[in-house]
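Observations on chain architecture
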Amino acid sequence: VKYINSHLYFREGELCRTEKKIIVNQRGAVYTRKDIVKTIVSATFRNFKGNLDTLKVKILDFGCGTGPFFFEAAKQIISMGTKDKFDIYRNSLFAVDIDESALNILKLKLIIELLDYPVNDIKMALNNIICEDMIDPMTQDLDLFSLQNSGSILNNNSIDIILSNPPYVNLKVNGNKSSRLMDS
């Protein structure tokens, strides 16, 4: 994952890597530690008033990146023991991000996760991974909660749970970082 925000180049016949902070700054790409992901997913599921153990629940990993929340949600639902792994990925989990490179990694991880299933089943699950800018209203005419233009089975259905990174922000007031807001 650390290579997504990297610039790779050759210098004197050697492969070199430098971090490209511009990608983080332009797209807001942030990677949440696994322990934080697990805590957020567990707390969200604990507070959910519906039944997670049905095919009707719809979970969206918004700004999914490479899918830590996506896969943690699947892992926790699978541990409940009554839903098939494919059914979870096909019917309950959806992921949206603007970063095509991150989504390709997520797709590859999902393919590896579903290797025991038929290719057509894997393709159906991959349809739930959507590359769109869902935040900038100037670039798309999309309805976040129906994902009308995505081609996914979320069309005309509701989303029960939205998982995402906590809001990591770099607030500036009059050109200075606002330490008062950042410390709270």
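Everything that follows concerns the structure shown earlier in this document.
Residues numbered from 1 in each chain as written. Predicted model: local features only at pLDDT ≥ 70, side-chain atom pairs only at ≥ 80, totals over all residues. Heavy atoms only, no water.

1. Focus on the overall build of the chain
So the rule is basically this: By definition, any uninterrupted DSSP run of H or I lasting at least four residues is a helix, any uninterrupted run of E lasting at least two residues is a strand, and each is numbered from the N terminus. Exposure is judged per residue with a 1.4 Å probe applied to protein chains only, and the accessible area is read against the type maximum: over 50% gives exposed, under 20% gives buried, and values in between give partly exposed. In this analysis, two residues are considered to be in contact whenever any of their non-hydrogen atoms come within 4.5 Å of each other. The Shrake-Rupley method, run with a 1.4 Å probe sphere, supplies the accessible areas, and residue values consider only the shown protein chains as cover.
Looking only at helices and strands, the chain has seven helices and eight strands in total. The buried share of the chain, reckoned over its 184 residues, is 35%. Look at the contacts in the chain between residues 6 or more apart in sequence, and 64% of them connect residues 24 or more apart. Carbon and sulfur atoms make up 52% of the accessible area of the chain, which amounts to about 11500 Å² in all.

2. Digging into the nonpolar core
If you look at soluble globular proteins, the nonpolar side chains tend to sit buried side by side. What counts is decided by this rule: Working definition of a nonpolar core: buried Ala, Val, Leu, Ile, Met, Phe, Trp, Tyr and Cys residues. They are joined through side-chain atoms within 4.5 Å.
Formed by 28 residues in total, the largest nonpolar core has its most connected members in F45, I59, F70, Y89, L93 and L110. Elements represented by at least two residues in this core include exactly helix 2 (34-47), helix 3 (68-78), helix 4 (85-92), strand 4 (93-97), helix 5 (100-113), helix 6 (119-126) and strand 6 (161-163). Looking at this core element by element, the count peaks at six residues for helix 3. In contact with L93, not counting residues within four places along its chain, are I59, F70, A73, A74, I88 and N128. Counting residues in hydrophobic clusters, the runner-up holds six residues, among them F94, V96, I130 and I159.

3. Let's talk about the layout of surface pockets
Threshold: Here a cavity denotes grid points, spaced 1 Å and computed from the protein atoms alone, that fit a 1.4 Å probe unable to get out, and a pocket denotes an open set having protein on both sides within 12 Å along at least 5 of 7 lines; residues with an atom within 4 Å of a point are the lining. Grid points are joined across faces, edges and corners, and a volume is the space filled by probe spheres set on the points. Side-chain classes follow a simple rule in which Ala, Val, Leu, Ile, Met, Phe, Trp, Tyr, Cys and Pro form the nonpolar group, Asp, Glu, Lys and Arg form the charged group, and the remainder, Gly included, forms the polar group.
Reported here for the second largest pocket is a volume of approximately 320 Å³. Lining the second largest pocket are 13 residues, and of these T32, K34, V37, P68 and K109 lie nearest its centre. Every element with two or more residues in the lining of the second largest pocket is listed here: helix 2 and helix 3. With four residues, the single largest contributor to the lining of the second largest pocket is helix 3. Its residues assigned to classes, the lining of the second largest pocket comprises five nonpolar, three polar and five charged.

4. Description of the pairing of strand 4
Every other side chain in a regular strand lies on the same face of the sheet, so the side chains alternate between the two faces. Rules: Two strands form a pair only when DSSP identifies at least two bridges running between them.
With respect to burial, strand 4 is a largely interior element, five of its five residues being buried. Taking every second residue as pointing to the same face, both faces of strand 4 are buried, with L93, A95 and D97 on one and F94 and V96 on the other. As paired strands, strand 3 (residues 59-62) and strand 4 are joined by four bridges and run parallel to one another. Within the sheet, the bridge partner assigned to L60 lies in strand 4 and is F94. Bridging between strand 4 and strand 5 (residues 129-131) involves three bridges; their strand directions are parallel.

5. Topic: the sheet that holds strand 5
Operational definition: Angular values range over 0 to 180 degrees, each being the angle between N-to-C directions of two axes fitted as lines to C-alpha atoms, with helices fitted over their stretch in contact.
Strand order in this open sheet of four strands is 5-4-3-6, and the pairing throughout is parallel. Looking at the sheet topology across the chains shown, the edges are occupied by strand 5 and strand 6. The mean angle between the axes of side-by-side strands here comes to 20°, regardless of whether they run parallel or antiparallel. Sheet strands touched by helix 3: strand 3, strand 4 and strand 6. Its angle to strand 4, the strand with the most contacts, is close to 170°.

6. As for the state of the cysteines
Cut-off, in case you're wondering: Here, two cysteine sulfur atoms that lie within 2.5 Å of each other are counted as a disulfide.
Considering all chains together, one arrives at zero disulfides under this definition. In this model C64 remains outside any disulfide bridge; the closest cysteine sulfur is found in C131, 8.9 Å from its own.

7. A short note on unusual backbone geometry
Unusually for a residue other than glycine, E12 sits at a positive phi of about 50°. Looking at the secondary structure, you find E12 in the loop between strand 1 (6-11) and strand 2 (14-19). The exposure class assigned to E12 is exposed, which follows from its relative accessible area of 83%.

8. Things to note about the pattern of salt bridges
Where side chains of opposite charge bring their charged atoms close, a pairing between them can arise. Let me state the cut-off plainly: When a carboxyl oxygen of Asp or Glu lies within 4 Å of a side-chain nitrogen of Lys or Arg, that pair is called a salt bridge.
Within this structure, the stated rule accounts for two salt bridges. Between R33 and D35 there is a salt bridge; the shortest N-O distance is 2.9 Å. The class of D35 is partly exposed, set by a relative accessible area of 44%.

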